[in-house]
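Coordinate analysis (summary)
Each chain is listed here by its residues.
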Amino acid sequence: MKKIYSVGLLVCLLAACKPDLKTSAPKPGNADFSVYLAVGNSLTAGYADNSLYLTGQQNSYPLRLSEQFKLVGGGAFKQPLLMSDVGLPSPKLVLALSTSCLGVTSLSPVPDPQPVNWADTISIASQGPFNNVGVPGIRCIDYIVPGYALLAKASGIPYASRFFANPAARPLDEALRIKATFFTCWLGSNDVLLYATGGGIGNDPGTNVSPADISAPAFFDAAYNIVIDSLTSKGAKGALMNIPDVTAIPFFTTVPINALVLRQGQADSLNAAYQGLNGIHFAAGANNFVVQDHNGVPKQIQQGEYILLTVPQDSLTCKGWGSLKPIPSQYVLTSEEVANVKAATIAYNTTIQTAATNHNLAYIDMNSYLKTLTAGITFDGAAYNATFVTGGAFSLDGVHLTPRGYALAANFIIQGINAKYGSTIPAVDANKYSGVKFP
Amino acid sequence: MKRLFSIGTALTLFAGTAFGAGYQLNLQGLRQLGMGGSGTAWPWDASTIFYNPGGLARLDGIQASVSGLMIIPTVQFAQASTGNVYTTQSQQFYPFNVYVGGPVAKGSKLAVGVGVYTPFGSGLTWDNNWAGKYFIQSIYLQSIFIQPTASYRINDIISVGAGFIYAFGNLEVKQALPVSNENGVDGQADLKGNANGTGYNLGVQLKASDKLQFGLTYRSQVNMKVKSGNANFNVPPTVASLFPSTNFSSQLPLPQVASIGVGYKPIKKLTLQLDVNFIGWSAYDSLKFDFSKQTADLKNQHAPRLYQNTVAFRLGGNYDFSKKFSAMAGAAYDPTPVHDGFVSPELPDADRIVLTCGVAYSPIRKLTVMAALEYTTTAKRNSTYNDGPLSLNGQYQTKALTPGLGINYNF
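All values reported here derive from a predicted model rather than from experimental measurement.

Along the backbone of chain A there are 14 helices and 14 strands. Each of the three principal axes of chain A carries a C-alpha extent, and together these read 100 × 65 × 40 Å. Taking all 439 residues of chain A together, the buried fraction comes to 56%. Restricting the contact set of chain A to residue pairs at least 6 apart, pairs at least 24 apart contribute 71%. Charge-centre separation for chain A: the mean point of 27 positive side chains lies 13 Å from the mean point of 26 negative side chains.

In structure tokens, the structure reads:
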């Protein structure tokens, strides 16, 4: 009798014994997220580890955004996915043990040894139109060039041609195939990045023929406004991301400028060799490397100048690069080149911010977010910073992001969208996605 | 050129690993459990060895009390930023207690006894990939206290008692490490260890009249020391040298508790009692894990906890329906020792409200069978853990249901 009573009590309490927390339902605010279009370059395509590959695409920030937009009425999100996870047109970088010229074995990024799947260059345009039209390598000024996809393909860059319905048209026309109600646009990095990652081998502002040049700000401004005018012409709302100061990324900050460690005897013989040319001077201990400047003249690298991540490590270690042989100019960003990069970045960002204001769009200051990330942030107990390989946010090319890094970027964009449109789109659980993978 | 692959900056190892109020179990006797956990004033049975050693000399003979309980705790976390709600896996834990003791002979003023009980223990298992995985994936703590006790009845009013406590137990903590393997799966740290410590339990029992009794007790702090735990790390082989399997030492202070209690019989069939516990949680100021092998990525962890002392109230009543059958009911308010800003997911503590009930049945004079049920709920606590601007912010709630069965035999 009493037992029955207590069993009954137990059953009725079991329901109450589970906590019942609820979070408020996400709201779209005054934007319509039903058809989302992502415009941009490699960062938008999900490029990582120096290539475009399937897993990278499946971790793109636009895909993360589209998943969150689905909570507030967003629809299907189609990406031009590759079949291969190796990378196109060259294999992605993976971490592996490799042995240096000194016989020291350490973990380093090396190309994935698996073969590239060339079938991925065959057009999949019939599966389109695509919601993510991010094209690795594309500049803002390319966006209004008819036949860009064909030109790029001819120079070995198959990304646009493999999914554009009409490769002879402007990239902008491919983007406009989707009748977007909401778009994000992150164009412009390549207008300055290709100059920077090429060590500033190219022309300064004023000309913009070669991809290695800095696009002239006036051309950038014209192209950018055509793109945004077109995207908003049917009343779509959106978010415009500005351009990060690329000199803060691991591609430029990883190789130390003063890693030339000399004994007195070595310093003496190098001093004798250079005879004080351009003030070059060595002492026992750590010295700044000798590099070629913009005009090929040897000089000692200074604070605020950068040696690129792509510099051949074995040449530095065993072939006298940086001491007897100046590091070639294409691996060096001198202060003059850094100033060009920074000036262009500021000019482009002015254009982007003005466009956001004129069209009443969300302006996402990725430049300042990247600075925050570089300084180091913590997300749910995991620390992120811009340290190469171990920082967690940057992939093995030192420029593009890891799946986690892209998720963090998505969160920053969501914050800006929520602030602009009064929406309450929840953040992404960034730690659910992987960082750099260790073998 | 040197490329350093130190993962150190990416880790917040054990930033949040701790044990706290949620691991203190007030389940040391079924009669007392049924009455909100109160029992300092009134020596109900041999479980007074825990509740008030001074009451042991009041028993009218040697008694044995045995009980077993089942805790079913559930914690839920609603993350503010993502809107995701995470619930711990359903688990059961089985605290128990055994007491034997009483006056050494009929009418003797001296009583002796021994108690074996489990005042701290429990565990939580979150999903391996939940938002707080870098703080904690699972935690399990078990402790057993053995307390030999002597009690002396000075006169008809005052009796005193003292017990020595030897405590031992074990703990296991698992947490994810933010270093992905080739399949993108996180590494994992697994810390296991045995702990032990000593303490004492003192009590004074005052029988003012048949209707009114008082109790005063003091249970000392017990420092549970882990001298040589095992830390194992499941990480990708190329970074395994940064996370060597090693021993660790740690220490967890189980707090001192001073209690005053009063019991009163307004009518013959009804006993009401109230306990006030002063709990010295401030002893828990930081959590330390010291590793015997250290690397750039595996460093000693000292995390502030800064617990505050608390005062808990326990109120209960026992009603005798007949000589054979009685029922208990009670409630308790047990405020959290955890400051805002230190609410971490391994122990998302908040002010607790406890409701209890129980029945006791004596089929024969010497034997009593008891059943009791405790229901614990916390307020929904908005919490931040002090770990940077985008740390684990959200709302926690804990609920637990604890049924128990026990017998008392009067020799």
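Scanning chain B from N- to C-terminus turns up 2 helices and 22 strands. Taken along the three principal axes of its C-alpha coordinates, chain B extends 85 × 40 × 35 Å. Taking the intrachain contacts of chain B between residues at least 6 apart in sequence as the baseline, contacts between residues at least 24 apart amount to 69%. As displayed, chain B has an accessible area near 15500 Å², and 58% of this comes from carbon and sulfur atoms.

Before going further, it helps to examine the packing of aromatic side chains. All names here are of chain A. Counted by the stated rule, this structure contains 35 aromatic pairs over all chains. Ring centres of Phe220 and Tyr224 lie 5.7 Å apart, and the angle between their planes is 10 degrees; this geometry places the pair in the stacked category. In this pair, Phe220 and Tyr224 both sit in helix α8 (residues 217–232), 4 residues apart, roughly one turn of the helix. Residue Phe220 is classed as buried on the basis of its relative accessible area of 0%. Among the aromatic residues, those joined into a cluster by ring pairs are Phe33, Tyr36, Phe69, Phe77, Phe182 and Tyr421. Over the ring of Tyr433 we find Arg64; its NZ or CZ atom is 3.9 Å from the centre of that ring. We note Lys92 situated over the ring of Tyr53; from NZ or CZ to the ring centre the distance is 4.9 Å.

Attention shifts here to the interface of chain A and chain B. In this complex, chain A contributes 47 residues to the contact, which on the side of chain B involves 53 residues. With both chains or domains summed, chain A and chain B bury close to 4500 Å², and 62% of this area falls on carbon and sulfur atoms. Per-residue buried area on chain A facing chain B is highest for A:Leu21, A:Asp380 and A:Phe438; these three make up 17% of the total on that side. Our count for the chain A to chain B interface comes out at 1 salt bridge.

Where interface size is given, it is often the accessible area lost as the parts come together that is meant. Residue and element names in this part refer to chain A. Under the domain assignment, chain A is made up of domain 1 (36–248 + 334–432) and domain 2 (260–333). With 22 residues of domain 1 at the interface, the matching set in domain 2 holds 15 residues. When the two sides are added together, the surface that domain 1 and domain 2 hide from each other amounts to roughly 1400 Å², 67% of it contributed by carbon and sulfur. Remark: the boundary between domain 1 and domain 2 carries 3 residue pairs in polar contact (both at pLDDT 80 or more). Of all the elements in the fold, those that place two or more residues in the side of domain 1 that touches domain 2 are α7 (190–197) and α12 (335–358). With 4 residues, α12 is the single largest residue contributor to the side of domain 1 that touches domain 2. Of the residues assigned to the side of domain 1 that touches domain 2, the class counts are 8 nonpolar, 10 polar and 4 charged.

Let us look at unusual backbone geometry. Residues and elements named next belong to chain A. Residue Pro89 follows Leu88 across a cis peptide bond; omega there is -5 degrees. Secondary-structure assignment places Pro89 in the loop between α4 (61–69) and β2 (93–99). Not every positive phi belongs to a glycine, and Asn278 is a case in point at roughly 50 degrees. Take Asn278: it is sitting in the loop between α10 (264–274) and β7 (285–287). On the basis of relative accessibility, which here comes to 48%, the residue Asn278 falls in the partly exposed class.

Let us now look at the pattern of salt bridges. Summed over all chains, the structure comprises 13 salt bridges over all chains. Among the salt bridges present, the one from B:Asp210 reaches B:Lys207, with a minimum N-O distance of 3.7 Å. Taking the relative accessible area as the measure of exposure, B:Asp210 reaches 58% and is therefore exposed. A relative accessible area of 28% places B:Lys207 in the partly exposed class. Three or more residues are tied together by salt bridges with common partners; here these are A:Arg404, B:Lys133 and B:Asp186.

We now examine the pairing of strand β20 (residues 367–378) of chain B. Residues and elements named next belong to chain B. Taking burial as the measure, the 12 residues of β20 include 11 buried ones, the bulk of the element. Two elements, strand β19 (residues 352–364) and β20, share 11 bridges in a ladder whose sense is antiparallel. Residue pairing for β20: Thr356 is matched across the bridge by Glu374. Turn length for the β19-β20 hairpin, with the two strands adjacent in sequence and antiparallel, is 2 residues. Across 11 bridges, β20 lies against strand β22 (residues 394–410) in antiparallel orientation. Looking at β22, one finds that Tyr375 is bridged to Leu401.

A separate point is the packing of helix α13 (residues 366–375) of chain A against helix α14 (residues 403–421) of chain A. Residues and elements named next belong to chain A. Where α13 meets α14, the axes come as close as 11 Å, and the angle between the chain directions of the two elements is 135 degrees. With respect to their mutual orientation, α13 and α14 come out oblique. Between α13 and α14 lies a crossing of right-handed hand. Here Met366, Tyr369 and Leu373 of α13 lie close against α14, whose contacting residues are Leu408, Ala409, Phe412 and Ile413. For the contact of α13 with α14, a count of residues per class yields 7 nonpolar, no polar and no charged.

Cut-off values and rules
Residues numbered from 1 in each chain as written. Chains lettered and ligands numbered in written order. Predicted model: local features only at pLDDT ≥ 70, side-chain atom pairs only at ≥ 80, totals over all residues. Heavy atoms only, no water. Helix = DSSP H or I, 4+ residues; strand = E, 2+ residues; numbered from the N terminus. Buried < 20%, exposed > 50% of the residue type's maximum accessible area, 1.4 Å probe, protein only. Contact = heavy atoms within 4.5 Å. Lys, Arg positive; Asp, Glu negative; His and termini not counted. Charge placed at Lys NZ, Arg CZ, Asp CG, Glu CD. Areas by Shrake-Rupley, 256 points an atom, 1.4 Å probe, with all protein chains shown as cover. Phe/Tyr/Trp six-rings, centres within 6.5 Å; stacked < 30°, edge-to-face > 60°. Lys NZ or Arg CZ within 6 Å of the ring centre and 35° of its normal. Buried area = accessible area lost by both parts, 1.4 Å probe. Salt bridge = Lys/Arg side-chain N within 4 Å of Asp/Glu carboxyl O. Domains from an automatic or database assignment. Polar contact = N/O pair within 3.5 Å; in protein donor to acceptor, adjacent residues only side chain to side chain. Nonpolar A, V, L, I, M, F, W, Y, C, P; charged D, E, K, R; others polar. Pairing = 2+ DSSP bridges. Axes fitted to C-alpha atoms, helices over the stretch in contact; angles between N-to-C directions. Parallel < 35°, antiparallel > 145°, perpendicular 65-115°, else oblique. Left-handed = near helix turned anticlockwise from the far one by under 90°.

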